[in-house]
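Descriptive structure summary
The lines below spell out each chain.
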Amino acid sequence: MVNHVALSSAIGLFGIGANIFNMCVFLKQGLTNSMNISFFAIAISDLCAMLNPYIDRVDSPLEFDEMQYLTAGWPNGTAARITCWVTAYITDERCLSIALSLKVKRLVTTPRTSFIIFLIYLINILSLVPEYASVYFGWNFYPSRNRSLLGLAWLSEVTDRQLKAWSLISTLPWLF
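Going by an unreviewed UniProt entry, the protein carries the name G-protein coupled receptors family 1 profile domain-containing protein and comes from Lymnaea stagnalis.

**Observations regarding the packing of helix 3 (residues 64-99) against helix 5 (residues 110-126)**
Two numbers describe how helix 3 lies on helix 5: the axes approach to 9 Å, and their chain directions differ by 155 degrees. For the element pair helix 3 / helix 5, the angle class is roughly antiparallel. Here helix 3 runs over helix 5; the crossing is right-handed. Across from T78, R81, I82, W85, V86 and Y89 in helix 3, the residues of helix 5 making contact are T113, I116, I117, I120, Y121, N124 and I125.

**Some points on the environment of I123**
Summarising the element assignment, I123 is placed in helix 5. Taking relative accessible area as the criterion, I123 reaches 37% and is therefore assigned partly exposed. Separated by 45 residues in sequence, I123 and T78 have C-alpha atoms that sit 9.9 Å apart.

Each value, and the rule that gives it
- Residues numbered from 1 in each chain as written.
- Predicted model: local features only at pLDDT ≥ 70, side-chain atom pairs only at ≥ 80, totals over all residues.
- Heavy atoms only, no water.
- Axes fitted to C-alpha atoms, helices over the stretch in contact; angles between N-to-C directions.
- Helix = DSSP H or I, 4+ residues; strand = E, 2+ residues; numbered from the N terminus.
- Parallel < 35°, antiparallel > 145°, perpendicular 65-115°, else oblique.
- Left-handed = near helix turned anticlockwise from the far one by under 90°.
- Contact = heavy atoms within 4.5 Å.
- Buried < 20%, exposed > 50% of the residue type's maximum accessible area, 1.4 Å probe, protein only.

Pasting the structure below:
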């Protein structure tokens, strides 16, 4: 409990502060080259991954484990995937700068980098749409607690074809 409350909270607050500081530094330097744009994008996705609330034992009408499924779990995973993709893009750019050192400035331009990072964010965020379209928060009865709590509820009119289509859309960010 001490590790989770004290240590994890301190590390999380430090990470949030560091990412905000990094974003300010990159904005001050200007988003005029591909590296600044890429590192700024990583700071944004890391900040989103750090905003992961964990409250479990509070006596409230909420089922926190289920609430976190939509409010923390999926967004956190998406932010982590975005960070991985942007890091891969930075790595590719560095490899190009060694392999094609005279052509890299023509290949990796600021507008091209902005567009690629926009696509990385768009594809990963769109992968959340099927999940959020089929799940919502609703009141459920929990026999172990003998009370109704606000938790996850699934749409009853979801067909098998929709589930297959949504599964495909959700896996697209992992395929590229």
